[in-house]
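# Working through the structure, step by step
As a plain string of letters, each chain reads:
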Amino acid sequence: MASSRVDLDGNPIKPITICMIGAGGFIGSHLCEKLMSETPHKVLALDVYNDKIKHLLEPDTLPWAGRIQFHRLNIKHDSRLEGLIKIADLTINLAAICTPADYNTRPLDTIYSNFIDALPVVKYCSENNKRLIHFSTCEVYGKTIGSFLPKDSPLRQDPAYYVLKEDESPCIFGSIEKQRWSYACAKQLIERLIYAEGAENDLEFTIVRPFNWIGPRMDFIPGIDGPSEGVPRVLACFSNNLLRREPLKLVDGGQSQRTFVYIKDAIEAVLLMIENPARANGHIFNVGNPNNEVTVRQLAEMMTQVYSKVSEEAPLEKPTIDVSSKEFYGEGYDDSDKRIPDMTIINRQLGWNPKTSLWDLLESTLTYQHRTYAEAIKKAIAKPVAS
Ligand SMILES: NC(=O)c1ccc[n+]([C@@H]2O[C@H](COP(=O)([O-])OP(=O)(O)OC[C@H]3O[C@@H](n4cnc5c(N)ncnc54)[C@H](O)[C@@H]3O)[C@@H](O)[C@H]2O)c1
Ligand SMILES: O=c1ccn([C@@H]2O[C@H](COP(=O)(O)OP(=O)(O)O[C@H]3OC[C@@H](O)[C@H](O)[C@H]3O)[C@@H](O)[C@H]2O)c(=O)[nH]1
C-alpha cells in the first residue's frame, strides 16, 4: 500500500510523522482513523481525552499498532509540546473550545483557547521550520453583507452578497457586548498571526475553515456522555431531543441558514492538504458543501423524518418548539445568518469536491446515534430520581 501511493502531481508520497493536537475530538478522531487505515503515516495524538480514539489505540494487535501514540497533555501548560512538534514533520492544530454555548458564557476561556493557547504552537512551528495545518472556522466571515440589506432587497438573491470567498469576503462581527463573536475574533487573529509568520518568517502553513462538518462522534449527548446541562452543537442537540422524544428547540425561529458537509468527505480534503504540501502551503481553504444548504428549521424537519425512519418510531405530533436565543444561550448571543462556501480555491489547488447529500449524511449519522445511544437513554429515563 505504502509504496504505490502518489500525490496529485504523480510523485510518490513519503511516510511522515504528524503531531496532531486535539486528536481526541470529533474531527481528530476521524482524521486519525483515515490516517491509520489508508496511509503509512505516523500520528502523535495529543489531547486531554482519548475516548473517541480508544478504538484506534487498543488492542496492541491492531494492524497500525506502533503508528499511533497517544500523549495525554493540556497544551496550556505542558513542556513536552515543543519536543513533540520538533520530532514531527507536520503539526495539525485542532484544539479549541468550539461550541457556541461557550462563546458568550465563557468568553475568556474561549479567547484563551482559540488565540493564546494556539500561540506557542505557531511559534514552535515557525522557530523549528515545521509545517503547520491550523484549524480556523467559517465563523471568521461572521455575517453576510446581504444581511444588512433591506429584507425585500433583490440584491439579497445575488451571490455576490452572500457567497463567502477566502481572499475577498470581509469579516463582519457584531458589537463587543455580543460576546458570541469572541470565538470568531480569536480565530481571525490567530489566522492573521499565522499569515504574518508565513510572510515574515517563511512559516509553511495551511489554514482550514470548516463549514459545519457533521457526523458520528460529534460532541456529546447531555447526561449520557457529557454533562446533563451542557449544550453541544446543533447536530447533538437535535439528536438528544429525538432520542428522548422531546421537541427540537428552534432558536429564534430556526431561520438561520447553514450548509452541512459529511465529516468523511471533509476528511478527504484534509488528507489532500497533508499529502500535497506544495499545493496547500500558503493557502486558506473553505471546506464545506455549498449544495447542502438548509434553514435550521428545515434541518429539524429532515432530522425528524430521518430519525423516524432509522428508529422505526413515529415522530412526535409537535416535533419542534420555538425558543429565544436569550433563553437558550443567554445574554450576548448573536448568529451567522447564512454560510455558503466558495469552492474555487480548494477546487483549483486540490481538485476536491464534497459528495454526500444532506439526506444521506443524516441517515448514516442518525443510524449511528440510534445504535450508540438509544438503550442508554432508555435506561437513564427509567432510572428513578434520587430523593
Ligand atoms: N466541526 C466543525 O464543523 C468545525 C467548524 C469550524 C471549525 N472547527 C474547528 O476545528 C477544530 C476541531 O473541531 P472539532 O469539531 O473536532 O471539536 P472537538 O471539541 O470535538 O475537538 C477539539 C479537541 O481539542 C481538545 N483540546 C481543547 N483544548 C485543549 C488543550 N488545551 N490541550 C489539549 N487538547 C485540547 C479537546 O479535548 C477536543 O478533543 C477546532 O479548532 C474548531 O474550532 C470545527
Ligand atoms: O438546539 C439547537 C441548537 C442550535 N440551534 C441553531 O442551529 C444553528 C447551528 O448551531 P451550531 O451549534 O451547530 O453552531 P454554529 O453553526 O452556529 O457555529 C459552529 O460553526 C462553526 C464552528 O466554528 C463551530 O463548531 C460553531 O461555532 C444556530 O443558528 C443555532 O442557533 C438551534 O436552533 N437549536
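Rules of the game
Residues numbered from 1 in each chain as written. Chains lettered and ligands numbered in written order. Predicted model: local features only at pLDDT ≥ 70, side-chain atom pairs only at ≥ 80, totals over all residues. Heavy atoms only, no water. UniProt positions renumbered as here; feature names shortened; annotations may be inferred. Axes fitted to C-alpha atoms, helices over the stretch in contact; angles between N-to-C directions. Helix = DSSP H or I, 4+ residues; strand = E, 2+ residues; numbered from the N terminus. Parallel < 35°, antiparallel > 145°, perpendicular 65-115°, else oblique. Left-handed = near helix turned anticlockwise from the far one by under 90°. Contact = heavy atoms within 4.5 Å. Nonpolar A, V, L, I, M, F, W, Y, C, P; charged D, E, K, R; others polar. Core = buried A, V, L, I, M, F, W, Y, C linked by side-chain atoms within 4.5 Å. Buried < 20%, exposed > 50% of the residue type's maximum accessible area, 1.4 Å probe, protein only. Near = heavy atom within 4 Å. Polar contact = N/O pair within 3.5 Å; in protein donor to acceptor, adjacent residues only side chain to side chain. Areas by Shrake-Rupley, 256 points an atom, 1.4 Å probe, with all protein chains shown as cover. Disulfide = S-S within 2.5 Å. Arc of directions from axis to C-beta. Pairing = 2+ DSSP bridges.

In the nomenclature of an unreviewed UniProt entry, the protein corresponds to UDP-glucuronate decarboxylase from the organism Canavalia gladiata. Of the comments in the UniProt record for the protein, the one headed Cofactor (unreviewed entry) reads "NAD(+)". The UniProt entry for the protein carries the following text under Sequence similarities (unreviewed entry): "Belongs to the NAD(P)-dependent epimerase/dehydratase family."

### Looking at the packing of helix H5 (residues 107-114) against helix H7 (residues 182-201)
Here H5 crosses H7 at 20°, and the two axes come no closer than 8 Å. When the interaxial angle is binned, H5 and H7 end up roughly parallel. Where H5 crosses over H7, the handedness of that crossing is right-handed. Contact with H5, carried on its side by Pro-107, Thr-110, Ile-111 and Asn-114, involves Ser-182, Tyr-183, Ala-186, Lys-187 and Ile-190 of H7 and no other residues of that element. By residue class, the composition of the contact of H5 with H7 is 5 nonpolar, 3 polar and 1 charged.

### Digging into the nonpolar core
Core analysis: the biggest nonpolar cluster contains 67 residues, and Met-20, Ile-92, Trp-213, Met-273, Val-287 and Leu-362 have the highest contact counts within it. In terms of residue count, helix H9 (residues 263-275) provides more of this core than any other element does, 8 residues in total. Of all hydrophobic cores here, the second largest spans 24 residues; its members include Leu-44, Phe-115, Tyr-124 and Ile-207.

### Things to note about the UniProt feature "domain: NAD-dependent epimerase/dehydratase" (unreviewed entry) in the protein
Those residues carrying the UniProt feature "domain: NAD-dependent epimerase/dehydratase" (unreviewed entry) are residues 18-288 in this numbering. A distance of 24 Å separates the end C-alpha atoms of residues 18-288, which is 34% helix and 18% strand.

### Quick look at the site of ligand 1
Lining the immediate environment of ligand 1, one finds 25 residues, of which Phe-26, Asp-47, Asn-74, Tyr-183 and Trp-213 sit closest. At 2.8 Å from an oxygen atom of ligand 1 is found a main-chain nitrogen or oxygen belonging to Phe-26. One of the side-chain nitrogen or oxygen atoms of Lys-187 is found 2.8 Å away from an oxygen atom of ligand 1. Isolated, ligand 1 exposes 820 Å² of accessible area, and the fraction of that covered by the protein chains is 89%. For the shell around ligand 1, the secondary structure elements donating two or more residues are helix H1 (26-38) and H7. Considered class by class, the residues forming the shell around ligand 1 number 15 nonpolar, 7 polar and 3 charged.

### Let's talk about the site of ligand 2
Near ligand 2 there are 24 residues, and of these Tyr-103, Thr-137, Glu-139, Tyr-183 and Asp-335 occur at the shortest range. Asp-335 places a side-chain nitrogen or oxygen 2.6 Å from an oxygen atom of ligand 2. In isolation ligand 2 has 670 Å² of accessible area, and contact with the protein removes 96% of it. Listed by contribution, the elements that provide at least two residues to the shell around ligand 2 are helix H4 (100-103), helix H8 (234-243), strand E9 (248-251) and helix H12 (325-329). A per-class count over the shell around ligand 2 returns 14 nonpolar, 3 polar and 7 charged.

### So, the state of the cysteines
Using the criterion set out here, one finds 0 disulfides in the structure. Cys-138 supplies the cysteine sulfur nearest to Cys-98, a cysteine that is in no disulfide, at a spacing of 11 Å. You can call Cys-98 partly exposed: its relative accessible area is 23%. There is no disulfide at Cys-237, and the cysteine sulfur nearest it, in Cys-98, is 13 Å away.

### Focus: helix H3 (residues 80-87)
Those residues of H3 that sit buried are Leu-81, Leu-84 and Ile-85. All buried residues of H3 lie within an arc of 100° about the axis, which places them on one face of the element. Turning to H3, the residues buried within the fold contact strand E1 (17-21), strand E2 (42-47), strand E3 (68-72), strand E4 (90-93) and helix H6 (119-127).

### Quick word on the pairing of E1
Of all 5 residues that make up E1, 5 are buried, and the element is covered over most of its length. Of the two faces of E1, the one lined by Thr-17, Cys-19 and Ile-21 and the one lined by Ile-18 and Met-20 are each fully buried. Of the strand pairs in this sheet, E1 and E2 are connected by 5 bridges, and their pairing is parallel. Counted as the bridge partner of Ile-21 is Leu-46 from E2. Note that E1 and E4 share 4 bridges and pair parallel. By the bridge assignment for E4, Met-20 is matched with Ile-92.

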